[in-house]
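Reading the structure
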There are 2 protein chains.
Amino acid sequence: MKLRKFDDMHLHLRQGEMLKQVLPYTVSQCARALIMPNTSPAVLTDQDLKNYRSEILQAAGSAEAGFEPLMTFKITPACDSSSIDNLKRAGAIAGKLYPDGVTTNSEGGVRDFRALFPVYEAMQDLGLVLCLHGELPGAFSLDREEKFLDVLQEIAARFTRLKIVLEHVTTAAAVSCVSALPSNVAATITLHHLYITLDDLLGDRLNPHNFCKPVAKRPEDREALIRAATSGSAKFFFGSDSAPHSIEAKECACGAAGVYSAPVLAPLLKQLFDDVGASDKLADFVSRFGAEFYGLPVNQDFIELREEEWLVPEELDGIKPFMAGSRLRWRLA
Amino acid sequence: MKLRKFDDMHLHLRQGEMLKQVLPYTVSQCARALIMPNTSPAVLTDQDLKNYRSEILQAAGSAEAGFEPLMTFKITPACDSSSIDNLKRAGAIAGKLYPDGVTTNSEGGVRDFRALFPVYEAMQDLGLVLCLHGELPGAFSLDREEKFLDVLQEIAARFTRLKIVLEHVTTAAAVSCVSALPSNVAATITLHHLYITLDDLLGDRLNPHNFCKPVAKRPEDREALIRAATSGSAKFFFGSDSAPHSIEAKECACGAAGVYSAPVLAPLLKQLFDDVGASDKLADFVSRFGAEFYGLPVNQDFIELREEEWLVPEELDGIKPFMAGSRLRWRLA
């Protein structure tokens, strides 16, 4: 079957060798992807952004024509209207706010969300999207997202023309909150949070490959995410948060957070939407609502999925993909 | 300071080489320990029990005189009054019930708790204690203990002369439930559940050394456990559930559940009870209430703790102890 290519509105591509290893999986399934800036070092300036985009396009090589990286920068207390203006001129379409210490490379992130009001103001004026990692630092792990919703509501109430995305929502509470806010507030939903709960991390033996931030929550939260993703509401669109780490970094007591879902995006999303009887809602979720929210035209590229059993490899270039070892019903043609 | 030796009323000693490595830490701090039967193969018959006790006493070597292993057997649907009678004659003081698949070596465990009514009856008649791993199979991980409380209440209501221990309680709900039941029902509390919450497993990077079953819960659950342990109620006594696994088994994607607390029992419990202003409650919790519940005389051995900073080693014979790398205020003299 023919399917419009995805827009992956939340993606970690890393740098160097790992970028080259993981990028082909995204390029083969996605027309565009919103590239997270929490590289090491992070994307902070217009020059960082230009360099990173060049590195991505170079890694994409001949496939470049079919793939557009949508660039972002990391919001820090050092941002001002002039640096943000430069980032926008360099091609940024969004800024990403990481609360302090809540995920990979978020050390030294934000604790005082109000101190950044001038930054949100500048972004609003420039038409840049504010992407939020919505977890409150210092709160108990399972409560971090829900406790962040007050911050979201305060920013949304104060900056009514600012487009805000609550990234990778994991709770029924976040779904309700975003649903109730005006249309300038949306949320991304990952592939893995549609599939797993906390039990897939720790219900049996500990499975570090299902460890991610925010951590997967309860079965009823997962059900709320599935309902949101298949609801036809334009407030919920796809962002994989695919976040590759070497098997070494995941398994050997390093405990890195992130699920590498890029290689299995289309087969697994197709399967899920079929399973819940929402096949007709898939295209809007993965390739229309996100584009519309970001003010982009719908992409004009297509992929072909074949209904054929496919065994997800245990390892791809030293990285374990999501659902490694599982048999899927669809595969890329 | 002088402290009566502990009775560790819930301990995994393993077998073979690992038994020899871990036993000295228990022997140096505990007069007795209730030895869990989920070895591989499990302790099922009177002969298994005799063999395992011999192996333990042999491993204890010259320290043997100062240490008494309190033996248990694993309850299975195959138990009958005759096999239980033989186990009692061989020295068993308790039987341990593992629900199916909820922890290490619990595969093939119990799903139908009512089918074992004749077993509970026989144990009641023989004065054997019923030790319960209180998690309901199939429930969501964080709910397993709370959902098991119905099973506990049903057994307690039906077998009013049966002594029952709800092992390693982790939730405020379990504390309330046990508190409200008659005096034939008690609970053990581990060292690690007095110290950690789910955040210590997954709040920052994933820390497999804090992965245990039942998993540590919320801060308010931990507070309820501390209140119970320091309350002076004879219904709550110490059982470490120290459960050694090689670093390999913990870290390298094997994901084994269990915290190895045996080497740090006395220093950490002393520190905790001091910190919460309950120093006077420690001795009853670790060396009186358990003995009384099991109908044993209070042990007559003592240890000496010195107030001296002690750095917990990162590794002991290839096993990482609880709180490895932490500085403690007390050490064994």
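Residues numbered from 1 in each chain as written. Chains lettered and ligands numbered in written order. Predicted model: local features only at pLDDT ≥ 70, side-chain atom pairs only at ≥ 80, totals over all residues.

**Observations concerning the overall build of chain A**
For chain A, the count of helices and strands is 13 helices and 11 strands. Taken over C-alpha atoms, the radius of gyration comes to 18 Å for chain A, in line with the 20 Å a tight globule of 333 residues would show. With the C-alpha coordinates aligned to their principal axes, the bounding extent of chain A is approximately 50 × 45 × 40 Å. Considering chain A as a whole, with its 333 residues, one finds that 50% of them fall into the buried category. Put simply, 69% of the contacts in chain A that link residues at least 6 apart link residues at least 24 apart. (Helix = DSSP H or I, 4+ residues; strand = E, 2+ residues; numbered from the N terminus. Rg over C-alpha atoms; globule rule 2.2 N^0.38 Å. Buried ≥ 20, exposed ≤ 12 C-beta atoms within 10 Å, placed from the backbone. Contact = placed C-beta atoms within 7 Å.)

**Digging into the sheet that holds strand β9 (residues 236–238) of chain B**
Residues and elements named next belong to chain B. As summarised here, the arrangement of the 8 strands in space is β2-β3-β4-β5-β6-β7-β8-β9, forming an open sheet in which the pairing is parallel. Edge positions in the open sheet fall to β2 (6–11) and β9, since each of these has one partner strand only. Recorded for the sheet is a direction-independent mean angle of 25° between the axes of neighbouring strands. Where strand β4 (residues 68–74) and strand β5 (residues 94–97) come together, 3 bridges link them in parallel fashion. Each residue of the ladder has a partner; that of Thr 72, found in β5, is Ala 94. (Pairing = 2+ DSSP bridges. Axes fitted to C-alpha atoms, helices over the stretch in contact; angles between N-to-C directions.)

**Focus on the interface of chain A and chain B**
Facing the 22 residues of chain A at the interface are 21 residues of chain B. Considering only residue class, the side of chain A that touches chain B consists of 14 nonpolar, 4 polar and 4 charged. (Nonpolar A, V, L, I, M, F, W, Y, C, P; charged D, E, K, R; others polar.)

**A few points about the packing of helix α1 (residues 16–29) of chain A against helix α2 (residues 46–60) of chain A**
The relative placement of two packed helices is expressed as an angle between their axes plus a distance between the axes. Residue and element names in this part refer to chain A. Running from amino to carboxyl end, α1 crosses α2 at an angle of 70°, the nearest separation of the two axes being 9 Å. On the basis of the axis angle, α1 is roughly perpendicular to α2. Side by side, α1 and α2 meet where Leu 19, Lys 20, Leu 23 and Val 27 of the first sit next to Glu 55, Ile 56, Ala 59 and Ala 60 of the second. A breakdown of the residues in the contact of α1 with α2 according to their chemical character gives 6 nonpolar, no polar and 2 charged. (Parallel < 35°, antiparallel > 145°, perpendicular 65-115°, else oblique.)

**Brief notes about the sheet that holds strand β11 (residues 327–332) of chain A**
Strand-to-strand pairing in sheets goes through backbone hydrogen bonds, with the strands running parallel or antiparallel. Residue and element names in this part refer to chain A. Reading across the sheet, the 3 strands line up as β1-β10-β11 and stay open at both edges, with antiparallel pairing between neighbours. The open sheet has two edge strands, β1 (2–4) and β11, and neither has a second partner. Each adjacent strand pair in this sheet contributes to an overall mean axis angle of 45°, direction not counted. Relative to strand β10 (residues 302–311), β1 runs antiparallel, the two sharing 3 bridges.

**Details of helix α9 (residues 219–229) of chain A**
Residue and element names in this part refer to chain A. Along α9, the residues that are buried comprise Asp 221, Arg 222, Ala 224, Leu 225, Ala 228 and Ala 229. Buried residues in α9, looked at end-on, bunch into an arc of 155°, giving them a common side. Tucked into the core, α9 has its buried residues touching α6 (172–180), β8 (185–189), α7 (192–195), β9 (236–238) and α12 (282–287). (Arc of directions from axis to C-beta.)

**A short note on helix α4 (residues 117–126) of chain A**
When α4 of chain A is considered as a whole, its buried residues turn out to be Val 119, Tyr 120, Ala 122 and Met 123 of chain A. The arc that holds every buried residue of α4 of chain A, seen down its axis, measures 160°, which confines them to one face.

**Some thoughts on the relation of the copies chain A and chain B**
The operation relating chain A to chain B is a screw motion whose rotation component is 180°, with 0.0 Å of axial translation and a residual RMSD of 0.0 Å. Put plainly, the chains are arranged around a two-fold axis. When the interface residues of chain A are mapped onto chain B, 95% of them again lie at the interface, so the same face is used by both copies. (Least-squares fit on C-alpha atoms with pLDDT ≥ 70 in both.)

**A closer look at unusual backbone geometry**
A cis geometry characterises the amide bond from Ser 40 of chain B onward to Pro 41 of chain B, with omega recorded as 0°. Looking at where Pro 41 of chain B falls in the secondary structure, it is placed in the loop between β3 (30–35) and α2 (46–60). Within the chain, Asp 241 of chain A stands out as a residue other than glycine whose phi angle is a positive 55°. With respect to the element layout, Asp 241 of chain A can be found in the loop between β9 and α10 (247–251). Positioned with a positive phi, Asp 317 of chain B is a non-glycine residue whose angle comes to about 50°. Considering the arrangement of structural elements, one finds Asp 317 of chain B in the loop between β10 (302–311) and β11 (327–332).

**Structural notes on the pairing of strand β2 (residues 6–11) of chain A**
All names here are of chain A. Of all 6 residues in β2, 6 are buried, a share of seventy percent or more. Note that β2 and strand β3 (residues 30–35) share 4 bridges and pair parallel. Within β3, the position partnered with Asp 8 by the bridge is Ala 33. As a crossover connection, the stretch from β2 through α1 into β3 is right-handed. (Right-handed = clockwise from strand over helix to strand, strands pointing away.)

**Considerations on the packing of helix α3 (residues 81–89) of chain B against helix α4 (residues 117–126) of chain B**
Residue and element names in this part refer to chain B. The N-to-C vectors of α3 and α4 enclose an angle of 35°; their axes lie 9 Å apart at closest approach. The handedness of the crossing between α3 and α4 is right-handed. Residues Ser 81, Ile 84, Asp 85 and Lys 88 of α3 pack against Val 119, Ala 122, Met 123 and Leu 126 of α4. In terms of residue class, the contact of α3 with α4 is built from 5 nonpolar, 1 polar and 2 charged. (Left-handed = near helix turned anticlockwise from the far one by under 90°.)

**Comments concerning the confidence of the model for chain A**
Of the residues in chain A, 98% have a pLDDT of 70 or more, and the chain-wide mean is 94. Across the interface, the model reports ipTM at 0.94; the global pTM reads 0.94. (pLDDT = per-residue confidence, 0-100.)

**Considerations on the environment of Asp 150 of chain B**
Residues and elements named next belong to chain B. With respect to the helices and strands, Asp 150 occurs in helix α5 (residues 144–158). On the basis of neighbour count, Asp 150 is assigned to the exposed category, with 12 C-beta atoms found within 10 Å. For the pair formed by Asp 150 and Val 27, sequence separation is 123 residues and the distance between their alpha carbons is 37 Å.

**Re the pairing of strand β5 (residues 94–97) of chain A**
All names here are of chain A. Of the two faces of β5, both are covered, the one formed by Ala 94 and Lys 96 as well as the one formed by Gly 95 and Leu 97. On the question of chirality, the crossover connecting strand β4 (residues 68–74) to the parallel β5 by way of helix α3 (residues 81–89) is right-handed. Sheet topology note: the β5/strand β6 (residues 129–132) ladder contains 4 bridges and is parallel. Bridge pairing in β6 links Leu 97 to Leu 132. With respect to chirality, the unit in which β5 leads through α4 into the neighbouring parallel β6 is right-handed.

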